[in-house]
Amino acid sequence: MSSTATAYPKQGPGADLRKFMEKRLELKLNAGRVVTGVLRGYDQFMNIVLDQAVEIRSPTERHDIGMIVIRGNSVVMWECLDKIK
C-alpha cells in the first residue's frame, strides 16, 4: 500500500478585523488570562497589538500593561466591548 501525503493550503487570507480597529476588546488567553485594550493592529496570523492594555487577574485586581503584542495562537476567545457601526 502506498500512502500519499496531501498538503492542505491555509484556509483563506486570515481574519478580517478592520471593523474592530480602535475598539476596546476583551481577550481570553491560554492559561486563563484575561486582557482588555484598544485594538491598534493585527496580521494574517491574528497576532494582535493592544494599546492601553490591562490584565484582569481577579475581579478586584488589575494590572496596567500599556501597549502589548499578543501572539495569535494564545487567543482562546475575544469580545468587542464597544459598539460597532
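Residues numbered from 1 in each chain as written. Predicted model: local features only at pLDDT ≥ 70, side-chain atom pairs only at ≥ 80, totals over all residues. Heavy atoms only, no water.

Taken as a whole, this structure holds one aromatic pair when the rule is applied. Judged by centre distance (4.7 Å) and plane angle (80 degrees), the rings of phenylalanine 20 and tryptophan 78 are edge-to-face. Taken together, the positions of phenylalanine 20 in the segment before β1 (24–29) and tryptophan 78 in strand β5 (residues 75–80) put the pair 58 residues apart, joining distant regions of the chain. Overall, the relative accessible area of 10% leaves phenylalanine 20 in the buried class. Assessed through its relative accessible area of 27%, tryptophan 78 is described here as partly exposed. (Phe/Tyr/Trp six-rings, centres within 6.5 Å; stacked < 30°, edge-to-face > 60°. Helix = DSSP H or I, 4+ residues; strand = E, 2+ residues; numbered from the N terminus. Buried < 20%, exposed > 50% of the residue type's maximum accessible area, 1.4 Å probe, protein only.)

This part takes up the sheet that holds β1. Adjacent strands of a sheet form backbone hydrogen bonds with each other and so pair up, either parallel or antiparallel. The five strands lie next to each other as β4-β3-β2-β1-β5, forming an open sheet whose pairing is antiparallel. Among the strands making up the open sheet, the edge pair consists of β4 (61–70) and β5. If you compare each strand with its neighbour and ignore which way they point, the axes differ by 30 degrees on average. (Pairing = 2+ DSSP bridges. Axes fitted to C-alpha atoms, helices over the stretch in contact; angles between N-to-C directions.)

Inspection of the secondary structure puts serine 74 in the loop between β4 and β5. Distance in space between the C-alpha atoms of serine 74 and methionine 46 is 9.7 Å, their sequence separation being 28 residues. For serine 74, the residues in contact, after removing those within four places along its chain, are Lys28, Leu29 and Asn30. (Contact = heavy atoms within 4.5 Å.)

Moving on, we get to the side chain of threonine 36. Here threonine 36 lies in strand β2 (residues 34–42). When sequence neighbours within four positions are dropped, the list of residues in contact with threonine 36 reads Arg24, Leu25, Glu26, Leu50, Gln52, Ala53, Val54, Ile56 and Leu81.

With respect to the helices, strands and loops of the structure, arginine 33 is situated in the loop between β1 and β2. Among the residues examined, arginine 33 registers a relative accessible area of 38% and is labelled partly exposed. Measuring from C-alpha to C-alpha, the distance between arginine 33 and serine 74 comes to 9.8 Å, with 41 residues separating the pair along the chain. Leave out the neighbours within four places in its chain, and arginine 33 touches Leu27, Lys28 and Glu55. A distance of 2.5 Å separates a polar atom in the side chain of arginine 33 from a polar atom in the side chain of asparagine 30. (Polar contact = N/O pair within 3.5 Å; in protein donor to acceptor, adjacent residues only side chain to side chain.)

A few words now on unusual backbone geometry. Its identity is not glycine, yet alanine 31 carries a phi of approximately 65 degrees, on the positive side. With respect to the helices and strands, the residue alanine 31 is situated in the loop between β1 and β2. Alanine 31 sits in the exposed class, given a relative accessible area of 74%. Phi is positive for methionine 46, close to 65 degrees, though the residue is something other than glycine.

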